[in-house]
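# Analysis of the macromolecular model
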Amino acid sequence: MGVLVNKDTKVIVQGITGKQAAFHTRQMLDYGTKIVGGVTPGKAGQEVEGVPVFNTVQEAVEATGATASVIYVPARFAADSIMEGVDAGLELVVCITEHIPVEDMVKVRRYMEGKKTRLIGPNCPGILTTDEAKLGIIPGNIQKKGHVGLVSRSGTLTYEAAFQLMNAGIGVTTAIGIGGDPVKGTDFIDALALFKDDPETKAVLMIGEIGGNAEETAAQWIKENMPDKPVTAFISGRQAPPGKRMGHAGAIISGGKGTAADKIKALNEVGIEVADTVAHIGDTVVETLKKAGIYDECHTC
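Residues numbered from 1 in each chain as written. Predicted model: local features only at pLDDT ≥ 70, side-chain atom pairs only at ≥ 80, totals over all residues. Heavy atoms only, no water.

Time to look at the side chain of Ser152. Within the secondary structure, Ser152 sits in strand S10 (residues 145-152). At a separation of 2.7 Å, a polar atom in the side chain of Ser152 contacts the main-chain carbonyl oxygen of Ser154. A distance of 3.3 Å separates the side chain of Ser152 from the side chain of Thr158, its partner in a polar contact. Excluding anything up to four places from it in sequence, Ser152 contacts Leu157, Thr158, Ile176, Gly177, Ile178, Gly179 and Ile207. (Helix = DSSP H or I, 4+ residues; strand = E, 2+ residues; numbered from the N terminus. Polar contact = N/O pair within 3.5 Å; in protein donor to acceptor, adjacent residues only side chain to side chain. Contact = heavy atoms within 4.5 Å.)

In this section: the pairing of strand S5 (residues 68-71). Every second residue of S5 is oriented toward a common face, with Ala68 and Val70 on one face and Ser69 and Ile71 on the other, all of them buried. Bridge count between strand S1 (residues 10-14) and S5: four bridges; the pairing is parallel. Each bridged residue has a counterpart across the sheet, and for Val11 the counterpart in S5 is Ala68. In the sheet, S5 pairs with strand S6 (residues 92-95) via four bridges, with the strands oriented parallel. Its bridge partner being in S6, Ala68 is matched across the sheet by Leu92. (Buried < 20%, exposed > 50% of the residue type's maximum accessible area, 1.4 Å probe, protein only. Pairing = 2+ DSSP bridges.)

Let us look at the layout of surface pockets. As a volume, the largest pocket reaches approximately 330 Å³. Of all the secondary structure elements, the ones that give two or more residues to the lining of the largest pocket are helix H1 (19-31) and helix H5 (155-167). Looking at the lining of the largest pocket residue by residue, the classes come out as six nonpolar, eight polar and two charged. Shared between two domains, the lining of the largest pocket holds at least three residues of each, these being domain 1 (10-120) and domain 2 (142-298). In this structure, the second largest pocket is lined by Gln14, Gly15, Gly18, Val39, Thr40, Pro41, Tyr72, Val73, Pro74, Phe77, Ser81 and Glu84. Element by element, the count of residues in the lining of the second largest pocket is highest for helix H3 (residues 75-87), at three residues. (1 Å grid on protein atoms, 1.4 Å probe; cavity = no way out; pocket = protein on both sides within 12 Å on 5 of 7 lines; lining within 4 Å. Points joined across faces, edges and corners; volume = space filled by probe spheres on them. Nonpolar A, V, L, I, M, F, W, Y, C, P; charged D, E, K, R; others polar. Domains from an automatic or database assignment.)

You can read the domains of the protein chain as domain 1 (10-120) and domain 2 (142-298). If you look at the interface, domain 1 gives eight residues, while domain 2 gives ten residues. Summed over both sides, the interface between domain 1 and domain 2 buries roughly 770 Å², with carbon and sulfur atoms accounting for 58% of that surface. On the domain 1 side of the interface with domain 2, the three residues burying the most area are Arg109, Arg118 and Ile120, jointly 53% of the side's total. Here domain 1 and domain 2 share zero salt bridges between them. (Buried area = accessible area lost by both parts, 1.4 Å probe. Salt bridge = Lys/Arg side-chain N within 4 Å of Asp/Glu carboxyl O.)

Given below as structure tokens:
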């Protein structure tokens, strides 16, 4: 079942005529995603991988009935592309683009207030509901269908975690890469709330990293709102020195806050087991499922 996207979701690709967008359009189509249109201003009437191209998102939505989009456009155009999707009334916009200025995203967040559109990203790998649909760049062959929801700030660790779970016989309902930028559309609590209400999701794996306080806030939310679904976590960046940005724009320890130790402590205090290293993510999920008495329900050979 999963959350947000499924085999019936109609998707348009913003920036579809670009090299990366065309490549990933093929990958998404091969996975079974219902790509019904693409958008590149001035290139209406063309086709990419058999998908018709429109000049605007509004035109694409009116012609195809799409409810979601995925964005592969350069950073300088990305904010406008997100807002164009909002104006067209899309339910979901997934922005893969990285290096979008924080000021641009502040404007986007303000613009989206009161609108129905949900944004995932930017600077993220997207979303994949196993065996149904993917919007973005998450590889489909490293994830099997199952009962664990996956939400991650890190793109690469999204893939690594899903692969470890698959090798351990544990499947995923939906993987959501929320991205590592300090200003984004969907955060941990937003994703956790979706998994809480999804009957197919029996447990959740949350991948965090240094910087900000999203993991600490999520830990408290889990304690207060999701006691019946076990959560496992991993925090990346334990060895990062204070003041040095590590990879993501939001992954920086400043003012003595946002350290891995702080996040691990907050998670442990509400009963969430945190994997010691990247290599232990899958094993830690297995142990959490066994302690919760749902391992047999979630495990498939």
